[in-house]
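Structural description and commentary
Read off the chains here:
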Amino acid sequence: MKGNIFFITAVASLGGLLFGYDTAVISGAVSAMEDYFLFSLEGNATEAAVAVFQFKITLTVCVVFILLLFSSFLLKFFSRTKAYLLIASIVVIGGIIYYNQFLSLPNVLSENLRNSILGFMVSSALVGCIIGASLGDNIANSIGRRNGLLLSSLLFVISACGSAYPDGVSFLHLDTLTLFIIYRIIGGIGVGVASMLAPLYIAEMAPAKIRGKLVSCNQFAIVTGMLVVYFVNYFIVKGQPIEWINTYGWRYMFLSETIPAILFFLFLIFVPKTPRFQVMKGNENEAVKVLGDLNKSSEVPKILADIKASFKVKKAPWLSYGWAVVIIGILLSVFQQFVGINVVLYYAPEIFKGMGMETDASMLQTIIVGVINMLFTILAIFTVDNFGRKRLMLIGSIFMAISMIGLGILLNAQQTGLSALICMLLYIAAFAMSWGPITWVLLAEIFPNKIKGVMAVAVAVQWLANLLVSWTFPMMNNNTRLNELFNHGFAYWVYGFMAVLSGYFIWKFVPETKGKTLEEMEGLWQPKLEVEPQKQQS
């Protein structure tokens with residue numbers, strides 16, 4: 001039994017590895033991308049105007065698509081009348097602000113717009129992540145958890161090749177900047193699908209006693225993917241001149257992703273579909289076979305009965321258990337990103353360069369960040385089922401707040417030596433042992449099976465929050481006025497404040513889920529039933 005479940009977990013966790021690889025590969029390429037895509041525009045007003053115009057169109061399409069996806073969520077939460085009123089209000093108010101503050105601006109590459117384009121290039125994959133996570137529930141329930149992961153592996157391959165050579169094949173008269181963004185969005189869709197389906201697949205296959213450890217393996221795979229790509233980026237640029245890195249090196253960074261993506265696809269062919277998906281599709285015999293391989297034979301009838309009972313109503317209204325579980329799931333996702341983790345992971349080499357380090361040294365420091373991330377994720381895996389989810393999350397929030405506020409103070413005082421590096425590593429360690437892996441454990445656990453689709457909302461919101469944080473970091477960190485006042489410290493104070501809020505949220509509102517079966521989760525929320533199902537749209 002153990003051999004089977006560990007192999008299955010390892011294969012599914014490759015989705016997490018690719019998730020980490022794809023989102024972190026950009027970290028080593030930021031400077032080269034800025035040089036290749038943006039510096040070349042500064043001396044050519046005509047090309048800059050075309051690039052800015054296409055960026056406006058691309059961003060507008062992304063905004064419309066995200067709005068459509070979140071509108072579909074609103075229709076699941078509210079009656080049609082209320083949902084349409086909310087959607088109309090968002091469109092009108094948001095549209096006026098968006099037009100006046102962005103679309104109506106001249107097609108000139110100003111400092112703010114340049115920083116905005118750079119931030120969106122770095123974070124553009126997250127638009128795809130939102131799309132992929134939003135579609136995750138439909139994919140999981142139509143083609144299945146495993147087949148959804150197969151689809152994500154193909155998207156990773158397409159994105160890796162296209163991002164490496166966006167100038168290779170041009171279509172629709174799009175410039176290379178726009179094509180690069182499109183390919184990154186395609187990869188992001190793969191990440192979004194994998195980010196929901198990999199932990200869900202593991203959670204549905206794992207016995208309850210070790211589910212926390214096994215779902216945490218997905219986060220371990222994510223940080224492993226990040227560490228692997230930090231090494232790959234380091235060896236690609238080591239000893240190379242800046243000119244070569246800016247012309248070829250960044251391409252090899254993206255192209256390297258094809259290797260783990262192809263391996264992921266091949267291994268997935270050999271793992272089964274989950275028992276819960278088999279029961280959902282009426283394949284009870286197949287479900288029993290898989291359960292027998294993963295559990296003691298005496299436990300199979302009870303587990304099967306629990307699964308069948310949980311799916312008597314295949315789709316319950318999303319507010320059947322009240323707003324509490326929905327809001328808690330969404331805020332877990334929001335705070336995981338608002339504490340600023342992906343700023344560190346995406347921009348680590350640039351942050352270290354800002355501390356006065358050379359390219360090779362900054363890449364080496366990034367590897368140290370990856371090692372700390374991995375080691376403390378392992379610590380979380382071995383403590384989450386004993387120490388508890390809530391306690392680890394609270395400890396993580398406290399130390400993240402201390403380290404981010406401290407880093408901001410040091411940067412403001414222009415003290416960027418060893419003390420700043422220690423603050424950065426303390427922050428990474430605190431996140432890796434708490435909000436990194438345990439958020440995914442909680443998201444896989446807290447939603448009752450009847451409303452498991454709400455997990456897609458929480459994960460989509462997580463990617464939206466990630467997009468906002470990653471996109472706005474260059475706007476804060478590269479802003480001339482803010483740097484005159486705070487010398488790069490401002491952004492880190494913002495993230496430190498968010499860490500304080502995250503700790504209060506965990507302390508006051510999040511329940512402990514340690515040791516409970518997925519079916520027992522319903523007992524956490526059933527007494528809090530607040531909304532009559534007949535008033536909700538299924």
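Everything below is about the structure printed above this text.
Notes on the structure in this doc start here. (Residues numbered from 1 in each chain as written. Predicted model: local features only at pLDDT ≥ 70, side-chain atom pairs only at ≥ 80, totals over all residues. Heavy atoms only, no water.)

1. What about the overall build of the chain?
Rules: A run of DSSP states H or I qualifies as a helix once it reaches four residues; a run of E qualifies as a strand once it reaches two. Both are numbered from the N-terminal end. Note that the radius of gyration is over C-alpha atoms, with the globule rule given as 2.2 Å times the number of residues to the power 0.38. For each residue, the accessible area found with a 1.4 Å probe, counting protein chains only, is set against the maximum for its type, and the residue is called buried under 20%, exposed over 50%, and partly exposed in between. Here, residues are in contact when the closest pair of their heavy atoms is within 4.5 Å. To be clear on the numbers: accessible area is Shrake-Rupley with a 1.4 Å probe, and residue cover counts the displayed protein chains and nothing else. A positive count includes Lys and Arg, and a negative count includes Asp and Glu. His and the chain ends are not counted in either. Where a charge sits is defined by one atom per residue type, namely NZ (Lys), CZ (Arg), CG (Asp) or CD (Glu).
Summing up its helical and strand segments, the chain has 24 helices and 0 strands in all. Relative to the globule expectation of 24 Å for 538 residues, the C-alpha radius of gyration of the chain, 23 Å, shows essentially globular dimensions. Dimensions of the chain along its principal axes, counting C-alpha atoms only, are 70 × 50 × 45 Å. Looking at the chain as a whole, 58% of its 538 residues are labelled buried. In the chain, the share of contacts with a sequence separation of at least 24, taken over all contacts with a separation of at least 6, comes to 85%. Accessible area for the chain stands at about 21200 Å²; split by element, carbon and sulfur atoms hold 68% of it. Across the chain, 36 positive and 29 negative side-chain charges occur, with their mean positions spaced 12 Å apart.

2. Some words on the packing of helix H15 (residues 323-338) against helix H23 (residues 490-509)
Where we set the bar: All axes here are fitted lines through C-alpha atoms, helices being fitted over the stretch that makes contact, and every angle between N-to-C directions spans 0 to 180 degrees. In this scheme, roughly parallel covers angles under 35 degrees and roughly antiparallel covers those over 145, while 65 to 115 is roughly perpendicular and the rest are oblique. Should the near helix be turned anticlockwise from the far one by less than a right angle, the crossing is left-handed, and should it be turned clockwise, the crossing is right-handed.
Running from N to C, H15 and H23 point in directions that differ by 155°, and their axes come no closer than 9 Å. Taken together, the axis directions place H15 and H23 in an arrangement best described as roughly antiparallel. With respect to the hand of their crossing, H15 and H23 are arranged in left-handed fashion. On H23, the residues that touch Ile328, Leu331, Leu332, Phe335 and Phe338 of H15 are Tyr495, Met498, Leu501, Ser502, Phe505, Ile506 and Phe509.

3. Looking at the environment of proline 207
Here proline 207 lies in the loop between helix H8 (176-205) and helix H9 (211-237). Separated by 202 residues in the primary sequence, proline 207 and isoleucine 5 have C-alpha atoms spaced 8.8 Å apart.

4. Re the pattern of salt bridges
Here is the rule we go by: We count a salt bridge whenever a side-chain nitrogen from Lys or Arg sits within 4 Å of a carboxyl oxygen from Asp or Glu.
All told, the structure shown has 5 salt bridges when counted by the stated rule. In this structure, arginine 114 engages glutamate 34 in a salt bridge whose closest nitrogen and oxygen atoms are separated by 2.8 Å. One end of the pair, arginine 114, is in helix H5 (residues 111-123); the other, glutamate 34, is in helix H2 (residues 30-38), and 80 residues separate them in sequence. Given the relative accessible area of 13%, arginine 114 is considered buried. The class for glutamate 34 is buried, based on a relative accessible area of 15%. Ionic pairing is found between aspartate 167 and arginine 251, a salt bridge with its closest N-O pair at 3.0 Å. Taken together, the positions of aspartate 167 in the loop between helix H7 (145-164) and H8 and arginine 251 in helix H10 (residues 242-255) put the pair 84 residues apart, joining distant regions of the chain. Owing to a relative accessible area of 35%, aspartate 167 belongs among the partly exposed residues under this scheme.

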